[in-house]
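So the chains spell out like this:
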Amino acid sequence: MKIYRVQNSKLVPTEENIPNVRENEILVKIKALSLNYRDLLVTEGIAHWKPNEARVPVSDAAGEIVEIGKSTSRFKVGDRVTSLIVPNWEHGKLSPEKINIAIGGPSSDGVLAEYVSLPENHFCKIPDYLSYQEAATLPVAALTAWNAVIEQSNLKLGDTILIIGTGGVSLFALQFAKLAGYKAIITSSSDEKLIKAKALGAHHTINYKIHKNWIQEVMNLTAGQGVDQVVDVVGGNHISESLKCIKSEGIVSMVGVIDGKTVGSIDTGTIMYKAAKIQGIETGSTEMYKRMLNAMDLHKVKPVINKVFPFAQVPEALSYLKNGSHFGKLCIEV
Ligand SMILES: NC(=O)c1ccc[n+]([C@@H]2O[C@H](COP(=O)([O-])OP(=O)(O)OC[C@H]3O[C@@H](n4cnc5c(N)ncnc54)[C@H](OP(=O)(O)O)[C@@H]3O)[C@@H](O)[C@H]2O)c1
């Protein structure tokens, strides 16, 4: 089978045997994959995302089960499933042990292959209304947005949420905000993307490249009050910008690590005066994923796929992601 590994910060296509299925594993024939910003950090070997051995990158796949191990019980051959990025966080609160495996990262192989064999808790069944490509967009971007906008949010119908950017996480955040009945303001570097975001349900849009003082724009749109929550996909120093956008007792959901930035200077005074809550977001549990799939199925939420690349063009797809011209998700057809 065809498979890619990251070796010395380079993506290398190679041929390997289809893996043997262990007792607790299921073998999945991958039909589609999606790329996340994290895949850039892993394949380019940025900071602690750099694998210390030849790793299979990419966390998000959808496929069909073709064989099941003797001691498995959750699935049958023919089931349609997606991968899960942190499979040991099945339910309950987050703990270090529950995220000891994060597939497609520096220390656990991922799914950039034609077949994968992994323990059954690494997968979840997908609703019938979603295609393989659509389902492949869900494990990281959708779950992270769901966790930020629904699970870790105390917003009420009609409250205002500010969503930064129009990439994978941001557009799911917009779609879930719409489901929850929030007023959504979204930012982007591109007017063209903002027109599409409006069509997807954004109430207000701000081009942060044109409006250098985009925070003032947020204030103007909220009668000087600020928003109830910000979904910040940039991280680092940008958290202080997001803090300026919230009203008193608002939430900044800290999702992003653009450019691999995990540190930044932060305005602690504003946190105190506004009694602000900074909520770190770590993808989500399998339990949350199932709640998200139920809600998506009920409302037939369709993921926004910007472009689909063939399996032979994963390097081109990663370059496209890095270039930042995408709106929503990039997929790979296997
Ligand atoms: N915490 C977690 O568990 C978790 C899970 C998933 C993702 N993430 C992180 O979340 C971020 C987004 O991931 P993704 O996969 O959605 O990436 P993506 O599809 O590449 O989207 C990146 C987004 O960032 C926006 N952006 C980039 N630089 C910006 C800046 N200086 N100011 C404002 N917006 C900016 C872009 O907006 P425009 O193109 O519209 O301008 C685009 O929407 C990444 O940092 C990723 O590592 C974290």
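Attention in this report is confined to the structure presented alongside it. (Residues numbered from 1 in each chain as written. Predicted model: local features only at pLDDT ≥ 70, side-chain atom pairs only at ≥ 80, totals over all residues. Heavy atoms only, no water.)

## Things to note about the site of the ligand
Neighbouring residues of the ligand: 26 residues in total, closest Thr166, Gly167, Ser188, Ser189 and Ile281. One of the side-chain nitrogen or oxygen atoms of Ser188 is found 2.7 Å away from an oxygen atom of the ligand. Note that an oxygen atom of the ligand is positioned 2.7 Å from one of the side-chain N or O atoms of Ser189. In the complex, 86% of the free accessible area of the ligand, which totals 930 Å², lies under the protein chains. For the shell around the ligand, the class distribution of residues is 12 nonpolar, 12 polar and two charged. Split by domain, the residues of the shell around the ligand number at least three in each of domain 1 (2-140 + 284-333) and domain 2 (153-280). (Near = heavy atom within 4 Å. Polar contact = N/O pair within 3.5 Å; in protein donor to acceptor, adjacent residues only side chain to side chain. Areas by Shrake-Rupley, 256 points an atom, 1.4 Å probe, with all protein chains shown as cover. Nonpolar A, V, L, I, M, F, W, Y, C, P; charged D, E, K, R; others polar. Domains from an automatic or database assignment.)

## Structural notes on the packing of aromatic side chains
Taken as a whole and judged by the stated rule, the model has four aromatic pairs. Ring plane angle 85° and centroid distance 5.2 Å describe the contact between Trp146 and Phe176, whose orientation is recorded as edge-to-face. Highlighted residues: Trp146 in helix H3 (residues 138-151) and Phe176 in helix H4 (residues 168-180), separated in sequence by 30 residues. Taking relative accessible area as the criterion, Phe176 reaches 0% and is therefore assigned buried. Here the aromatic cluster, defined as three or more aromatic residues joined through ring pairs, consists of Trp146, Phe172 and Phe176. The ring of Phe309 carries Lys307 above its face, with NZ or CZ at 5.2 Å from the centroid. The positively charged end of Lys307 is found above the aromatic ring belonging to Tyr320, 5.6 Å away from the centroid. (Phe/Tyr/Trp six-rings, centres within 6.5 Å; stacked < 30°, edge-to-face > 60°. Helix = DSSP H or I, 4+ residues; strand = E, 2+ residues; numbered from the N terminus. Buried < 20%, exposed > 50% of the residue type's maximum accessible area, 1.4 Å probe, protein only. Lys NZ or Arg CZ within 6 Å of the ring centre and 35° of its normal.)

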